[in-house]
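Each chain, letter by letter, is given below.
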Amino acid sequence: MPVGITLAAETELSAANTGFMLICSALVLIMTPGLAFFYGGMVRVKSSMNMLLMSFISIAIVTILWVLYGFSLAFGTDSGGIIGWSADYAGLSGIGLAQLWDGYTVPVYVFAVFQLMFAIITPALISGALADRVKFTSWALFVALWVTVVYFPVAHWVWGTGGWAFELGVIDFAGGTAVHINAGAAALGVILVIGKRVGFMKYPMRPHSLPLVMIGAGLLWFGWFGFNAGSWLGNDDGVGALMFLNTQIATAAAMLAWLGYERLRHGSFTTLGAASGAVAGLVAITPSGGAVSPLGAIAVGVVAGVLCAMAVSLKYRFRYDDSLDVVGVHLVGGVVGSLLIGLFATGGGQSDVAGLLYGGGVDQLGKQAAGVLAVLAYSLIASAVLAFLVDKTLGMRVSEDAEIAGIDQAEHAETAYDFSSAGGSGADDSAAGQRVRETGETERVRA
């Protein structure tokens, strides 16, 4: 939901806008299975089912918490600019069937379900940084605690009427701060607590299924149109269409930029680079696409593609184990997209706010920086504290033996592929398993 914008007062429900928003809500939901496939293909085969389920469990947990109290905390009546609460929103029990979201032509129920899909995917994004080594029960508890302590308040700051960032004028069209910086900073906080995987920086830990990665990236790209264009909550003035167009443009530009950097740095174009570049562009245009022109969207995509490609190698320099580059893509991409609003906002999109390059001075850039730094710091610290508490109670990590043998079997008693029906012998399988245990075979090296 864009900041600082209110549509013309309307008293009647719009069937067109309502139908559009329901479709957008379904598109955002499909992003979480898309993310599961994207992450699931990136990990080693022995961790792929765990990676899929870490995303899917977020759908179940966050849905229930959103109904019970999450929507009320995020979008209820403001208290001090920090948190919201409305008794009618608790349990979604006091909302009229055709009651409209204030200032818009869609029902409160539609707005609530649309925002629910954002709440679902945000903790799922964090899971990519923790691949191969986290207990499933501990992850489920962490998701419940994290959305309560971190996501719901931050969503109120950024999008809730009365939230301090909303009132300051921080522009975040669809989640650069509330979703991507929030998840990326949380990922960094958690991995600093739980430590590295067995064999990190000793053995290559390559994706087991690049086709699965590309399928996941395609679903993310498809669903992201609902994520971004739907955040205007209607189609009355063309801003949603601008956002839709800019989403496509920035994603294409970022993919090309990432591939170009990859070729210059490593000498080859890779499918993993193409998928990662596309996601980097999607992340960066999420906060900025309603404020910049199509040419500005190209600039946002190019900058994000190059900087995110560079950022994924930082984990090797600073020796933090971000398994699937959540920090490098989502945190860095979210920061880039949010700050570039202060440079490239035209004043002719979602609002009349202009960036530095369009004669608006540095005022908006300063507001964007304030939002970025506040969300980053709060999420990093709060997430690290929550991970520490879970680690000291349930324990966050599986045993070293379980990690080496495979978290899928240890945590879920399942494997992604049954090779026995393809003619493989039990002896061969045992021998392969023994080699895994002896070598501690580990992560892909992407940078």
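1. Re the overall build of the chain
Counting its regular elements, the chain contains 16 helices and 2 strands. Projected onto its principal axes, the C-alpha coordinates of the chain cover approximately 70 × 50 × 40 Å. Taking as baseline every contact in the chain between residues at least 6 positions apart, the subset at least 24 positions apart corresponds to 79%. By element, 66% of the accessible surface of the chain is carried by carbon and sulfur atoms, the whole surface being about 16,400 Å².

2. So, a nonpolar patch on the surface
Together, Leu-356, Leu-357, Tyr-358 and Val-362 line one region of the surface with nonpolar side chains, adding up to about 390 Å² of accessible area. By the secondary structure assignment, Leu-357 is in the loop between helix H12 (326-344) and helix H13 (363-393).

3. Brief notes about the packing of helix H1 (residues 15-42) against helix H7 (residues 210-229)
The contact between H1 and H7 brings their axes to 7 Å, and the two run at 155°. Of the possible angle classes, the one that applies to H1 and H7 is roughly antiparallel. For the crossing formed where H1 meets H7, the hand is left-handed. Considering only residue class, the contact of H1 with H7 consists of 19 nonpolar, 6 polar and no charged.

4. Things to note about unusual backbone geometry
The backbone of Arg-319 sits at a positive phi, close to 60°, despite the residue not being glycine. Overall, Arg-319 belongs to the exposed group, its relative accessible area being 52%. For Asp-325, which is not glycine, the phi dihedral falls at a positive 65°. When you line up the elements, Asp-325 lands in the loop between helix H11 (314-318) and H12.

5. Some remarks on the packing of aromatic side chains
Counting across every chain of the model gives 25 aromatic pairs. Relative to Phe-75, the ring of Trp-66 lies with its centre 6.3 Å away and its plane at 75°, an arrangement referred to as edge-to-face. Like Trp-66, the residue Phe-75 is buried in the burial classification. Aromatic rings pair up to connect Trp-66, Tyr-69, Phe-71, Phe-75, Tyr-89, Trp-101, Phe-111, Trp-146, Tyr-151 and Phe-152 into one cluster.

6. Notes on the environment of Gly-230
Of note, Gly-230 is situated in the loop between H7 and helix H8 (239-266). Gly-230 gets classed as buried once you look at its relative accessible area, which sits at 0%. Between the C-alpha atom of Gly-230 and that of Ile-23, which follows or precedes it by 207 residues, the distance is 8.8 Å. With sequence-adjacent residues up to four places away left out, Gly-230 is seen in contact with Phe-20, Met-21, Cys-24, Phe-114 and Phe-225.

7. Some points on the confidence of the model for the chain
A residue-level look at the chain finds 91% of positions with pLDDT of 70 or above and a mean pLDDT of 92. The model gives residues 2-10 a pLDDT under 50, and that stretch makes 26 contacts with residues more than four places away or in other chains. A low-confidence stretch, residues 424-447 stays under pLDDT 50, and its non-local contacts, those more than four residues away or across chains, total 60 contacts.

8. Considering the side chain of Thr-32
Within the secondary structure, Thr-32 is located in helix H1. Excluding residues within four positions of it along the chain, Thr-32 makes contact with Ser-55, Ile-59, Ile-120, Ile-121 and Ala-124.

9. Observations regarding the pattern of salt bridges
The final tally for this structure, using the stated rule, is 7 salt bridges. Between Arg-197 and Asp-132 there is a salt bridge whose closest N-O contact spans 3.2 Å. On the criterion of sequence distance, the pair formed by Arg-197 in the loop between helix H6 (176-194) and H7 and Asp-132 in the loop between helix H3 (108-126) and helix H4 (136-159) is long-range, its members being 65 residues apart. Across the pair, exposure class does not vary: Arg-197 and Asp-132 are buried alike. Its salt-bridge partner being Lys-315, residue Asp-325 comes within 2.9 Å of it at the nearest N-O pair. Separated by 10 residues along the polypeptide, Asp-325 in the loop between H11 and H12 and Lys-315 in helix H11 bring together distant segments of the chain. Each member of the pair, Asp-325 as well as Lys-315, carries the same accessibility label: buried. Taken together, the salt bridges that share partners define one network made up of Arg-44, Asp-132, Arg-133, Arg-197 and Asp-321.

Definitions and cut-offs
- Residues numbered from 1 in each chain as written.
- Predicted model: local features only at pLDDT ≥ 70, side-chain atom pairs only at ≥ 80, totals over all residues.
- Heavy atoms only, no water.
- Helix = DSSP H or I, 4+ residues; strand = E, 2+ residues; numbered from the N terminus.
- Contact = heavy atoms within 4.5 Å.
- Areas by Shrake-Rupley, 256 points an atom, 1.4 Å probe, with all protein chains shown as cover.
- Patch = residues over 30% accessible without salt bridge, like charges linked within 9 Å, V, L, I, M, F, W, Y side chains within 5 Å.
- Salt bridge = Lys/Arg side-chain N within 4 Å of Asp/Glu carboxyl O.
- Axes fitted to C-alpha atoms, helices over the stretch in contact; angles between N-to-C directions.
- Parallel < 35°, antiparallel > 145°, perpendicular 65-115°, else oblique.
- Left-handed = near helix turned anticlockwise from the far one by under 90°.
- Nonpolar A, V, L, I, M, F, W, Y, C, P; charged D, E, K, R; others polar.
- Buried < 20%, exposed > 50% of the residue type's maximum accessible area, 1.4 Å probe, protein only.
- Phe/Tyr/Trp six-rings, centres within 6.5 Å; stacked < 30°, edge-to-face > 60°.
- pLDDT = per-residue confidence, 0-100.

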